[in-house]
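Notes for the structure review
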Amino acid sequence: QVRLVESGGGLVQAGGSLRLSCAASGRTFSSYAMGWFRQAPGKDREFVAGIGRNDGNTYYAASVKGRFTISRDNAKNTVYLQMHSLKPEDTAVYYCAVCVRNGLGYSTTAAYSYWGQGTQVTVSS
């Protein structure tokens, strides 16, 4: 069992930056790839970014590539999402999750178990 707690969301103007954190419980954090997803009102949950177990591989949705950076600190059991040049369309609840079915790829929710409760990001125009 892994428990995830996201933090760092808030209200920011367009063009601003935020850094989200996801703290994980459990001793096996470093054994899993991790991902960030987001869900806007009335829309499906969508992939934002993923990172391999040892930080060597990162993956991004086309809509955030070049603006967002995913990273992890296995010593702190934490994964981060640094977001720059935020746009109003980035407004959503952001979730981190543990990737337990690597064979499905990073971008599908079916690859993930153990979701956090989410943190709201609101970008004003």
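That block above? That's the structure.
For the structure given in this document, a descriptive report is provided here. (Residues numbered from 1 in each chain as written. Predicted model: local features only at pLDDT ≥ 70, side-chain atom pairs only at ≥ 80, totals over all residues. Heavy atoms only, no water.)

**Quick notes on the state of the cysteines**
Within the structure shown, the criterion is met by 1 disulfide. Two residues, C22 and C96, share a disulfide whose sulfurs are 1.9 Å apart. Between C22 and C96 the disulfide shows an S-S torsion of about 60°. By sign, it is right-handed. Of this pair, C22 sits in strand β3 (residues 18–24) while C96 is found in strand β9 (residues 92–99), placing the two residues 74 residues apart along the sequence. Side by side, C22 and C96 carry an identical accessibility label, which is buried. (Disulfide = S-S within 2.5 Å. Helix = DSSP H or I, 4+ residues; strand = E, 2+ residues; numbered from the N terminus. Buried < 20%, exposed > 50% of the residue type's maximum accessible area, 1.4 Å probe, protein only.)

**Some details on the packing of aromatic side chains**
In this structure the tally under the stated criterion is 5 aromatic pairs. Where F37 meets F47, the ring centres are 5.6 Å apart and the plane angle is 75°; that geometry is what we call edge-to-face. Of this pair, F37 sits in strand β4 (residues 33–39) while F47 sits in strand β5 (residues 46–51); the two residues are 10 residues apart in sequence, bridging distant segments of the chain. A relative accessible area of 12% means that F47 is categorised as buried. Here the aromatic rings of Y112 and W115 are separated by 6.0 Å at their centres, their planes lie at 50°, and the arrangement is tilted. (Phe/Tyr/Trp six-rings, centres within 6.5 Å; stacked < 30°, edge-to-face > 60°.)

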